[in-house]
Amino acid sequence: IDQPFEGERHALRGKKATPAYPVKELGGMLFAYLGPAPAPELPEYDPFTMKGAIRAIGKTIIPCNWLQCMENSADPVHTEWLHGALIEYVKEKQGLQTATNRSHVKIAFDETPHGFVKRRLYKGQSEDAADWTTGHPVLFPNMLVTGNSGRWQQRSMQIRVPIDDENTMHYWYSVFVPPEGAATPARLLKDVPVYEPKIRNAD
């Protein structure tokens, strides 16, 4: 906000200011609100507030519009083709045998006050599988929640922040909660490490 080379009597001195925005820390991330006042309350979704959890944040710039990321998140069957059939095809071309693909038996969507939940049932899964009973919440306008309930409970949020029409800042917010009765080492609770995965390999 300094004005280089302008004296004390400059006509604009004291009449211009840089706007400030409210910022709130939650779960190791900083959220800024850039809209009109008053600022709405920041939703305290459980991955940000789980007690005794280990957290890590991945971030990278993806060269596509943020709505393309969200459209991908809204499609439960893309896992069968993109993460399944495509991976098998690529591995086969490399001379490797893999069987990662699972076909879908059925899908469903449930509307919620903050978006919707997409649910899927893979061939061989029973209807008490978390993919079907819990599903994956899509929180409008820019978040997807995934997770599992193994020995270590894990939750992940994919958060897409538009940069411009062709680039998106993509965050992977991962939370790990230890089994009941197991204490998380204090050193793992102190900091939230940030890593930057590469979206392209050497090829």
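Preceding block: the structure.
Since the structure is predicted, the reported quantities are computational estimates derived from the model, not experimental observations. (Residues numbered from 1 in each chain as written. Predicted model: local features only at pLDDT ≥ 70, side-chain atom pairs only at ≥ 80, totals over all residues. Heavy atoms only, no water.)

Tallied over the entire structure, the rule returns four aromatic pairs. Seen in terms of ring centroids, Phe 48 and Tyr 173 are 4.8 Å apart; in terms of plane orientation they differ by 55 degrees. Their pairing is tilted. One end of the pair, Phe 48, is in helix H1 (residues 46-49); the other, Tyr 173, is in strand S9 (residues 167-177), and 125 residues separate them in sequence. Each member of the pair, Phe 48 together with Tyr 173, is buried. Between Phe 116 and Phe 140, the ring centres sit 5.8 Å apart and the planes meet at 75 degrees, which makes this aromatic pair edge-to-face. (Phe/Tyr/Trp six-rings, centres within 6.5 Å; stacked < 30°, edge-to-face > 60°. Helix = DSSP H or I, 4+ residues; strand = E, 2+ residues; numbered from the N terminus. Buried < 20%, exposed > 50% of the residue type's maximum accessible area, 1.4 Å probe, protein only.)

Before going further, it helps to spend a moment on a nonpolar patch on the surface. A surface patch of nonpolar side chains, amounting to about 360 Å² of accessible area, comprises Leu 82, Leu 86, Tyr 89 and Val 90. As for its position among the elements, Leu 82 is in helix H3 (residues 78-93). (Patch = residues over 30% accessible without salt bridge, like charges linked within 9 Å, V, L, I, M, F, W, Y side chains within 5 Å. Areas by Shrake-Rupley, 256 points an atom, 1.4 Å probe, with all protein chains shown as cover. Salt bridge = Lys/Arg side-chain N within 4 Å of Asp/Glu carboxyl O.)

Take the pairing of strand S8 (residues 153-164) next. With eleven bridges connecting them, S8 and S9 associate as antiparallel partners. Across the sheet, Gln 154 pairs through a bridge with Phe 176, a residue of S9. (Pairing = 2+ DSSP bridges.)

This part covers the environment of Leu 82. By relative accessible area, which is 40% here, Leu 82 ends up partly exposed. In this structure the C-alpha to C-alpha distance between Leu 82 and Arg 155, which are 73 residues apart in sequence, comes to 22 Å. Ignoring any residue separated from it by four or fewer positions in sequence, one finds Leu 82 in contact with Asn 72 and Ile 87. (Contact = heavy atoms within 4.5 Å.)

Turning to H3, a few remarks are in order. For H3, spanning 16 residues, the distance from its first C-alpha to its last is 21 Å, which sits close to the expected 22 Å at 1.5 Å a residue. Residues of H3 that are buried: His 78, Thr 79, Glu 80 and Gly 84. Positive backbone phi, at 80 degrees, marks Gly 95, one or two positions downstream of H3. (Expected span 1.5 Å × (residues − 1).)

Moving on to unusual backbone geometry. Backbone phi values are negative for most residues with the exception of glycine, while trans is the configuration of most peptide bonds. In this structure, Pro 38 follows Ala 37 across a cis peptide bond, with omega equal to 0 degrees. Position of Pro 38 among the secondary structure elements: in the loop between strand S2 (29-32) and H1. The omega torsion across Phe 140 and Pro 141 is 5 degrees, close enough to zero to call that bond cis. Among the secondary structure elements, Pro 141 is positioned in the loop between strand S6 (136-139) and strand S7 (143-149).

Here we come to the nonpolar core. Grouped together as the largest cluster of nonpolar side chains are 16 residues, with contacts concentrated most on Met 29, Phe 48, Met 143, Met 157, Ile 159 and Tyr 173. Breaking this core down by element, the ones donating at least two residues are S2, S7, S8 and S9. The greatest single-element share of this core, amounting to three residues, is contributed by S9. Contacts of Ile 159, omitting those with residues within four sequence positions, involve Met 29, Phe 48, Asn 142, Met 143, Met 169, His 170, Tyr 171 and Tyr 173. (Core = buried A, V, L, I, M, F, W, Y, C linked by side-chain atoms within 4.5 Å.)

With respect to the helices and strands, Ser 156 occurs in strand S8. The residues contacting Ser 156, other than those within four sequence positions of it, are Leu 144, Val 145, Thr 146, Tyr 173 and Ser 174.

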